[in-house]
Amino acid sequence: MKILITGITGTLGTEVCRQLLEKKTVDIVGLSRDEYKQSLFPYRRYVDLHLGDVRNPNSVIKAASYCDATLHLASLKHVDFGERHIDEFVATIITGTQNVLNAQKGLGMDKVVMASTDKAVYPINVYGNCKAIAEKIVLSDVNNVVCRYGNVLNSRGSLLEKLIRLKDGEMFQLTDHSMTRFWITIEDVASLIISLVFGDHTGLCVPELKSSTIGDIINAYSYVTGKSVRVETVGLRPGEKPHEDLIADHEGEAMDSFNASKWSKEDLEDVVRKELDK
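Right, let's walk through the structure included here. Here the structure is a predicted model, which means the values were calculated and not measured.

**Some words on the state of the cysteines**
Each disulfide consists of a covalent bond between the sulfur atoms of two cysteine residues.
For step 1, the next point in the chain: Applying the stated criterion across every chain, the model contains zero disulfides.
For step 2, the next point in the chain: Free of any disulfide, Cys17 has its nearest neighbouring cysteine sulfur in Cys67, separated by 13 Å.
For step 3, the next point in the chain: Its relative accessible area of 0% is what places Cys17 among the buried residues.
For step 4, the next point in the chain: Its sulfur unpaired, Cys130 is 19 Å from the next cysteine sulfur, which belongs to Cys147.
For step 5, the next point in the chain: Overall, Cys130 belongs to the buried group, its relative accessible area being 4%.

Structure representation (structure tokens):
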């Protein structure tokens, strides 16, 4: 099987590639637009890397040729950037996804699996609205899958990564202590996405995730590391929600089952400890 991964040099793309290489029966093609990241990509010797952009239909078609499936991971993701750079988010997320679907149809590719976000549910920001449209584009083909999940622990630009990079005595700017988010590890996301490309599942896939407050994550980090975090509460940024949803009311019937729960203090400390030990 030959698989194209868009956004392969990102946090998720790198982990998906690592897990796929363990299968040893998959040929991997990668598409990304950052030559510096490609030069540092740990699996570049085992992957057919293409320098290009999902915004460019020719880049997508060239990379996707002879591929059986695409894992569409390329995206922009920071909510505050989306509010200020609407055209960039539309070009990457909406136009880029349409280019992937056009390549699928033109090349006769079997399946596209797209990584999405809980921010596509009842969207109030540019990022969420773009992802909601991208979901519909992907699901316009009945063979395709959208994998929708929450925040990835310790991914680039995430809360935990920012805490780890915090210097001694530096003030941490917190939007809202009681804000809740759904959390998942990068390994679990990658494993789920890979299972969807090889499995029979089609349509929308939403894993059952646990949520916690932002304050709980900070407290778990402080407990595990013994470091005190100085916090400055700055309030919600443009486009942010106090709480997210993983499934809209009208989608509930389409899901086999879903039951979101809260992280316990002990489990949250344990998962933070594991992330720090990597």
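**What about the packing of helix α3 (residues 57-64) against helix α5 (residues 86-107)?**
For step 1, the next point in the chain: The interhelical angle for the contact between α3 and α5, taken along N-to-C directions, is 45 degrees, at an axis separation of 9 Å. Considered as vectors, α3 and α5 are oriented oblique to each other. Crossing angle aside, the handedness with which α3 passes α5 is right-handed. Mapping the contact onto sequence places Pro57, Val60, Ile61 and Ala64 in α3 and Asn99, Val100, Ala103 and Leu107 in α5.
For step 2, the next point in the chain: Looking at side-chain class alone, the contact of α3 with α5 contains seven nonpolar, one polar and no charged residues.

**Here we look at the layout of surface pockets**
For step 1, the next point in the chain: Put simply, the second largest pocket is a space of about 230 Å³.
For step 2, the next point in the chain: Along its surface, the second largest pocket is lined by 13 residues, and Glu135, Lys136, Arg148, His250 and Glu251 are the ones closest to its centre.
For step 3, the next point in the chain: Residue contributions to the lining of the second largest pocket peak at four residues, all from helix α6 (residues 126-139).
For step 4, the next point in the chain: Residues of the lining of the second largest pocket, tallied by class, amount to eight nonpolar, one polar and four charged.

**Focus: helix α10 (residues 265-277)**
For step 1, the next point in the chain: Over its 13 residues, α10 runs 18 Å from end to end, which matches the ideal 18 Å to within 8%, given 1.5 Å per residue.
For step 2, the next point in the chain: Restricting attention to buried positions, one finds in α10 the residues Leu268, Glu269, Val271, Val272 and Glu275. Looking straight down α10, one finds that the buried residues subtend no more than 165 degrees of arc, so they occupy a single side. Facing away from the buried side of α10 by more than 90 degrees, the exposed set consists of Glu266, Lys274 and Asp277.
For step 3, the next point in the chain: Along its buried surface, α10 packs onto α7 (159-165), α8 (186-198), β11 (210-213) and α9 (214-225).

**Regarding the pattern of salt bridges**
For step 1, the next point in the chain: Per the stated rule, a full pass over the model turns up 16 salt bridges.
For step 2, the next point in the chain: For the salt bridge of Arg33 with Asp53, the shortest nitrogen-to-oxygen distance reads 3.4 Å. On the criterion of sequence distance, the pair formed by Arg33 in the loop between β2 (27-32) and α2 (35-40) and Asp53 in the loop between β3 (48-51) and α3 is long-range, its members being 20 residues apart.
For step 3, the next point in the chain: For the salt bridge of Asp270 with Arg273, the shortest nitrogen-to-oxygen distance reads 4.0 Å. A residue pair is termed a helical-turn pair when its members lie 3 or 4 positions apart in one helix, as Asp270 and Arg273 do in helix α10 at three residues.
For step 4, the next point in the chain: We classify Asp270 as partly exposed; its relative accessible area is 32%.

The rules we used
Residues numbered from 1 in each chain as written. Predicted model: local features only at pLDDT ≥ 70, side-chain atom pairs only at ≥ 80, totals over all residues. Heavy atoms only, no water. Disulfide = S-S within 2.5 Å. Buried < 20%, exposed > 50% of the residue type's maximum accessible area, 1.4 Å probe, protein only. Axes fitted to C-alpha atoms, helices over the stretch in contact; angles between N-to-C directions. Helix = DSSP H or I, 4+ residues; strand = E, 2+ residues; numbered from the N terminus. Parallel < 35°, antiparallel > 145°, perpendicular 65-115°, else oblique. Left-handed = near helix turned anticlockwise from the far one by under 90°. Contact = heavy atoms within 4.5 Å. Nonpolar A, V, L, I, M, F, W, Y, C, P; charged D, E, K, R; others polar. 1 Å grid on protein atoms, 1.4 Å probe; cavity = no way out; pocket = protein on both sides within 12 Å on 5 of 7 lines; lining within 4 Å. Points joined across faces, edges and corners; volume = space filled by probe spheres on them. Expected span 1.5 Å × (residues − 1). Arc of directions from axis to C-beta. Salt bridge = Lys/Arg side-chain N within 4 Å of Asp/Glu carboxyl O.

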